[in-house]
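Spelled out, the chains give:
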Amino acid sequence: MKKDIETHLDIKLMVDSFYDKATADKLLGPVFNDIAKVDWDHHLPIMYSFWEATLLSKAVYKGNPMDTHFKLNQKIKLTQEMFNKWKTLFIETIEENFVGKTANDAKQRAVSIADLMFYKINN
Ligand code: HEM
């Protein structure tokens, strides 16, 4: 039975499942693997703390995601299509694994941050 997002392990499942999808995706995969050449051992713990801070007010996240994506956008144009795919895969990830209040929060936060990010990158 699906449960809500409550613990560090839940956050880890969410983030790991999302990146399994994103890196396998034909539009987003190359951005992570070939353009940004992401060091996953470094990046995943950052994403755990970002989402744990955002959803559970637990971990400490110190970083500037807007700046990171602004710089990424200078290497490769991050298109509306890419952001749409990012949002779709994130929502799929949540709905496949979780149900509940924080799961709903996660979807809303992800979509609003994604929309703000796309707006800021382009304005
Ligand atoms: C088309 C959409 C997106 C793409 C292609 C993308 C790709 C990336 C890449 C390549 C990195 C750098 C990884 C590294 O350090 O090597 C990154 C970092 C990150 N992304 Fe995204 N991203 C997207 C959207 C988003 C959205 C919508 C969010 C939040 C809801 C987000 C949250 C983050 C965070 C928190 C970091 C870590 C920044 C730090 O180092 O502190 N990303 N992303």
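First, a word on scope: everything that follows refers to the structure included in this document.

Cut-off values and rules
- For every chain, the first residue of the written sequence is number 1, and numbering continues from 1 along that sequence.
- Residues qualify for local features only when their pLDDT is at least 70, as the model is predicted, and side-chain atom pairs are given and counted only at 80 or more; totals for whole chains, interfaces and linings, by contrast, use all residues.
- Hydrogens and water are ignored here; the side-chain numbers use all heavy atoms of the structure.
- Each Phe, Tyr or Trp ring (for Trp, its six-membered ring) is paired with any other whose centre lies within 6.5 Å, and the angle between the two planes then decides the class: stacked below 30 degrees, edge-to-face above 60, tilted in between.
- Only protein chains enter the accessibility calculation, which uses a 1.4 Å probe; a residue is then buried when its area is under 20% of its type maximum, exposed when over 50%, and partly exposed in between.
- Coordinating donors are taken to be N, O and S atoms lying within 2.8 Å of the metal, or within 3.2 Å when the metal is Na, K or Ca; because water is excluded from the atom set, some sites may appear incomplete.
- A run of DSSP states H or I qualifies as a helix once it reaches four residues; a run of E qualifies as a strand once it reaches two. Both are numbered from the N-terminal end.
- By nonpolar core is meant a set of buried Ala, Val, Leu, Ile, Met, Phe, Trp, Tyr and Cys residues that side-chain atoms within 4.5 Å join together.
- Contact between two residues is taken to exist if any of their heavy atoms lie within 4.5 Å; hydrogens are not considered.
- Each helix should span, by expectation, one fewer than its residue count multiplied by 1.5 Å.
- Polar contact criterion, stated in full: a pair of N or O atoms within 3.5 Å, where within protein one must be able to donate a hydrogen and the other to accept it, and residues adjacent in sequence count only if both atoms are side-chain atoms.

On to the packing of aromatic side chains. Scanning all chains against the criterion turns up eleven aromatic pairs. Ring geometry for Phe18 and Tyr19: centres 5.1 Å apart, planes at 70 degrees, overall edge-to-face. Pair check on accessibility: Phe18 and Tyr19 agree, each one buried. Put simply, the rings of Phe18, Tyr19, Phe32, Trp40, Phe50, Trp51, Tyr61, Trp86 and Phe90 touch in pairs and so form one group of aromatic residues.

Moving on: the coordination of the iron atom of the ligand. From the protein, the iron atom of the ligand takes a single donor atom, His69 (NE2), 2.0 Å away. Mapped onto the secondary structure, His69 falls in helix H4 (residues 65–75).

Before going further, it helps to spend a moment on the nonpolar core. The nonpolar side chains of soluble globular proteins are, as a tendency, buried together. Of all hydrophobic cores here, the largest spans 31 residues; its most connected members are Ile5, Met14, Val15 and Trp51. Of all the secondary-structure elements, those providing two or more residues to this core are helix H1 (8–24), helix H2 (29–35), helix H3 (40–56), helix H5 (80–97) and helix H6 (101–122). With seven residues, the single largest contributor to this core is H3. If we ignore the near neighbours within four places in the chain, the residues touching Trp51 are Ile11, Met14, Val15, Leu56, Trp86, Phe90, Ala106, Arg109 and Ala110.

What follows is about H1. An α-helical turn contains 3.6 residues, so a residue and the one three or four places further along point in the same direction. An ideal rise of 1.5 Å per residue puts 24 Å on 17 residues; H1 measures up with 24 Å between its terminal C-alpha atoms. Of all the residues in H1, the buried ones are Asp10, Ile11, Met14, Val15, Ser17, Phe18, Tyr19 and Ala22. On its buried face, H1 is in contact with H2, H3 and H5. Between a side-chain oxygen at the N-terminus of H1 and the backbone nitrogen of Leu9 the separation is 3.3 Å; the capping residue is Thr7.

For the rest of this paragraph, the subject is the environment of Met14. The residue Met14 is located in helix H1 in this model. With 64 residues separating them along the chain, Met14 and Leu78 place their C-alpha atoms 23 Å apart. When residues no more than four places from it in sequence are discounted, the contact partners of Met14 are Ile5, Trp51, Leu55, Phe90, Thr93, Ile94 and Phe98.

Within the secondary structure layout, Thr93 lies in helix H5. Thr93 sits in the buried class, given a relative accessible area of 0%. For Thr93, the residues in contact, after removing those within four places along its chain, are Met14, Ser17, Phe18 and Lys21.

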